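A structural walkthrough
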Amino acid sequence: MIRAAVACTRWVGSRSRSRSASEARAQHHLHEFVRDLLTDAAGAGEVRDDATADELTRYVLHVVLAAEGLDSPAAGHRLVAIILTGLGPQR
């Protein structure tokens, strides 16, 4: 019984590490994708240039993660509008 419990604990632990590694890779790819979009947009003068693309990417991704608790589609649309306004070039 103890051996089975230890084996199960090791298996669950290895699955957690595996899932965490997958999540980390996915987050890295998402960061790169958004950063590349923002870099291209900055080059075209469509987003602000007073912050690096990496910095803007971190802001955007954190805000999007915080949106999980929004209570309506309208709130989500407002959030997107706020993000896009904030990313816009400074006047």
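Anything mentioned here points back to the structure above.
The following refers to the structure shown. (Residues numbered from 1 in each chain as written. Predicted model: local features only at pLDDT ≥ 70, side-chain atom pairs only at ≥ 80, totals over all residues. Heavy atoms only, no water.)

A few points about the side chain of Thr57
- By the element assignment, Thr57 lies in helix α2 (residues 53–66).
- A polar side-chain atom of Thr57 sits 2.7 Å from the main-chain carbonyl oxygen of Ala53.
- In contact with Thr57, not counting residues within four places along its chain, are His31, Val34, Arg35 and Leu38. (Helix = DSSP H or I, 4+ residues; strand = E, 2+ residues; numbered from the N terminus. Polar contact = N/O pair within 3.5 Å; in protein donor to acceptor, adjacent residues only side chain to side chain. Contact = heavy atoms within 4.5 Å.)

With respect to the layout of surface pockets
- Of the pockets and cavities examined, the largest pocket occupies roughly 180 Å³.
- Surrounding the largest pocket, Gln27, Leu30, His31, Thr57, Arg58, Leu61, His62, Val64 and Leu65 form its lining.
- Those elements that provide at least two residues to the lining of the largest pocket are α1 (2–43) and α2.
- By residue number, the principal contributor to the lining of the largest pocket is α2, which donates six residues.
- Residue composition of the lining of the largest pocket, grouped by class: four nonpolar, four polar and one charged. (1 Å grid on protein atoms, 1.4 Å probe; cavity = no way out; pocket = protein on both sides within 12 Å on 5 of 7 lines; lining within 4 Å. Points joined across faces, edges and corners; volume = space filled by probe spheres on them. Nonpolar A, V, L, I, M, F, W, Y, C, P; charged D, E, K, R; others polar.)

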